[in-house]
Amino acid sequence: MANPFVHLELNTPDLAKAKAFYGELFGWQFQDMDMGPSGIYSTFKPDEGPGGGMTSMPGGMNGWLSYVGVKDINESTEKARALGATIIMGPHVVPDVGSLTILTDPTGCNIAMFQPK
């Protein structure tokens, strides 16, 4: 099974500044979603390739995180753990969207997996 990159996500200390920068640089337009206590999540969808989102989550890892699509988030999470990954979060259900797991691979690099609803 080919596992495509399906979503890109930026956690930034300054959401407004990041939206202004990437909006001007790439022509992205954003749609804000109120995520309650988690704050605002701004989604974007370029003309080609995967879309993504931006947020400002204090204490989170600042930077871009790539999401790879999987058929079964629970099975993929356990397989990653068995192969030496450290699970940072998940499997976590995002209502009406799907489920995700964020992990650190055995080399210390972060990646995420996503199963759509």
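In what follows, the accompanying structure is described. Just so you know, these numbers come straight off a predicted model, no measurement behind them.

Cut-offs used in this document
Residues numbered from 1 in each chain as written. Predicted model: local features only at pLDDT ≥ 70, side-chain atom pairs only at ≥ 80, totals over all residues. Heavy atoms only, no water. Pairing = 2+ DSSP bridges. Helix = DSSP H or I, 4+ residues; strand = E, 2+ residues; numbered from the N terminus. Axes fitted to C-alpha atoms, helices over the stretch in contact; angles between N-to-C directions. Contact = heavy atoms within 4.5 Å. Patch = residues over 30% accessible without salt bridge, like charges linked within 9 Å, V, L, I, M, F, W, Y side chains within 5 Å. Areas by Shrake-Rupley, 256 points an atom, 1.4 Å probe, with all protein chains shown as cover. Salt bridge = Lys/Arg side-chain N within 4 Å of Asp/Glu carboxyl O. Buried < 20%, exposed > 50% of the residue type's maximum accessible area, 1.4 Å probe, protein only. Expected span 1.5 Å × (residues − 1). Arc of directions from axis to C-beta. Polar contact = N/O pair within 3.5 Å; in protein donor to acceptor, adjacent residues only side chain to side chain.

**Remarks on the sheet that holds strand β1 (residues 5-11)**
Strand order in the open sheet formed by eight strands is β2-β3-β4-β1-β5-β8-β7-β6, with mixed pairing between adjacent strands. A strand with exactly one partner marks an edge of an open sheet, and here the two such strands are β2 (31-34) and β6 (86-94). Taking each pair of neighbouring strands and ignoring which way they run, the sheet shows an average axis angle of 25°. Sheet contacts for helix α1 (residues 15-26): β1, β2, β3 (40-44), β4 (52-55) and β5 (63-69); angle to β4, the most-contacted strand, approximately 145°. On the sheet, helix α2 (residues 73-82) packs against β6, β7 (98-104) and β8 (110-116) and is oriented at approximately 155° with respect to β8.

**A few points about a nonpolar patch on the surface**
A contiguous nonpolar patch, built from Phe21, Leu25 and Phe26 and spanning about 330 Å² of accessible area, is present on the exposed surface. For Phe21, the location among the structural elements is in helix α1. In this structure Phe21 comes out as partly exposed when scored by relative accessible area, which is 48%.

**A short note on unusual backbone geometry**
A cis geometry characterises the amide bond from Gly90 onward to Pro91, with omega recorded as -5°. Assignment of secondary structure puts Pro91 in strand β6. Located in the positive-phi region is Asp96, a residue other than glycine, with phi close to 65°. Structurally, Asp96 is set in the loop between β6 and β7.

**Section: α1**
For α1, spanning 12 residues, the distance from its first C-alpha to its last is 16 Å, which sits close to the expected 16 Å at 1.5 Å a residue. Every buried residue of α1 is listed here: Leu15, Ala18, Tyr22 and Gly23. Mapping the buried residues of α1 onto a view down its axis gives an arc of 120°, with all of them on the same face. Residues of α1 that are exposed and angled more than 90 degrees away from the buried face: Ala16, Lys17, Ala20 and Glu24. Where α1 begins, the capping side chain belongs to Asp14, and its oxygen is found 3.4 Å from the backbone nitrogen of Ala16.

That is the geometry; function is a separate question.
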